[in-house]
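Coordinates in review
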Amino acid sequence: MVGEIIDGTLYAHARPRAGHMDLVGALIDGLRGPFQRGQNGPGGWWVLAEPGIQVEGAPEFNPDLAGWRRERMPVLPGGRCKVVPDWACEILSPSTRGYDTRIKRPFYARIGIQHLWFIDLEARTLTVSELHNGLWAEVGVYGDDDVIRAAPFDAIELRLSEWWPVVEES
């Protein structure tokens, strides 16, 4: 089980399955080189999986992935991160879809995360949203074989076909 505390409520879920974790790995592979290490990209970011973040109203929450511009967080924290990410990404699953969309999405807006990606593994889609005046504006929905540039990582092309794991039907 994994748990998060948001606005005083503990939310617990089963650990992610293999396809979910494979997608996390694909994103880490695709984003860290250009954005964290500056390899064929601009650098200037920290990109972490399940980083353990603590802010007012949430002593522990964990986006599937999160990113911080280094100008806001020059070094990685030794413990829980207490800086709101610039970007968060959630991979939707049948067991967490409602939680991610009804609880985490408004929470992320309230704490000021500027960019939010929702990846639907079953539908093979990426929904990109940006925060404007405290409200989410959907700026694009992409899928399958699309080659895109998506904020805040629009300095490089992302090939979505490289993200989708091959998983056994259950």
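Predicted model, so just to flag it, every value in this text is computed and none were measured. (Residues numbered from 1 in each chain as written. Predicted model: local features only at pLDDT ≥ 70, side-chain atom pairs only at ≥ 80, totals over all residues. Heavy atoms only, no water.)

Here we look at the overall build of the protein
Assigned secondary structure in the protein consists of 2 helices and 12 strands. In sequence order, the secondary structure elements of the protein are arranged as β-β-α-β-β-β-β-β-α-β-β-β-β-β. Taking the principal axes of the C-alpha coordinates as reference, the protein spans close to 40 × 40 × 30 Å. Per-residue burial over the protein gives 48% buried out of 170 residues. The long-range fraction of contacts in the protein, counting pairs at least 24 apart against all pairs at least 6 apart in sequence, stands at 49%. Element-wise, carbon and sulfur atoms account for 48% of the exposed surface of the protein, whose accessible area totals about 8,700 Å². (Helix = DSSP H or I, 4+ residues; strand = E, 2+ residues; numbered from the N terminus. Buried < 20%, exposed > 50% of the residue type's maximum accessible area, 1.4 Å probe, protein only. Contact = heavy atoms within 4.5 Å. Areas by Shrake-Rupley, 256 points an atom, 1.4 Å probe, with all protein chains shown as cover.)

Some points on the packing of aromatic side chains
Evaluated as defined, the whole model comprises 11 aromatic pairs. Aromatic pair Phe61 and Phe107: ring centres 5.1 Å apart, planes at 85°, arrangement edge-to-face. On the criterion of sequence distance, the pair formed by Phe61 in strand 5 (residues 58-61) and Phe107 in helix 2 (residues 97-111) is long-range, its members being 46 residues apart. The residues Phe61 and Phe107 share a single accessibility class, namely buried. Plain terms: the ring middles of Trp163 and Trp164 are 6.1 Å apart, the flat faces sit at 70° to each other, and that makes the pair edge-to-face. Among the residues examined, Trp163 registers a relative accessible area of 6% and is labelled buried. Through successive ring pairs, a cluster of aromatic residues spans Phe35, Trp45, Trp87, Trp117, Phe153, Trp163 and Trp164. Looking at Arg70, its charged tip hangs above the ring of Trp46, at a distance of 3.7 Å from the centre. (Phe/Tyr/Trp six-rings, centres within 6.5 Å; stacked < 30°, edge-to-face > 60°. Lys NZ or Arg CZ within 6 Å of the ring centre and 35° of its normal.)

A few points about the pairing of strand 6 (residues 65-69)
Remark: a regular strand shows side chains that alternate across the two faces of the sheet. For strand 6, the buried fraction is high: 4 of the 5 residues fall into the buried class. Strand direction decides the pairing type here: strand 6 and strand 7 (residues 87-92), joined by 3 bridges, are antiparallel. Each residue of the ladder has a partner; that of Ala66, found in strand 7, is Ala88. (Pairing = 2+ DSSP bridges.)

Focus: the sheet that holds strand 8 (residues 115-120)
An order of 3-6-7-8-9-10 is seen for the 6 strands of this open sheet, with the pairing classed as mixed. Every other strand in the sheet has two partners, leaving strand 3 (45-49) and strand 10 (135-143) as the edge strands with one partner each. Looking at each pair of strands side by side, their axes are set apart by 15° on average, direction ignored. Against the sheet, helix 1 (residues 18-36) contacts strand 3, strand 6, strand 7 and strand 8, and its axis sits at roughly 165° relative to strand 3. Helix-sheet contacts for helix 2 involve strand 7, strand 8, strand 9 (125-132) and strand 10, and the interaxial angle to strand 7 is about 170°. (Axes fitted to C-alpha atoms, helices over the stretch in contact; angles between N-to-C directions.)

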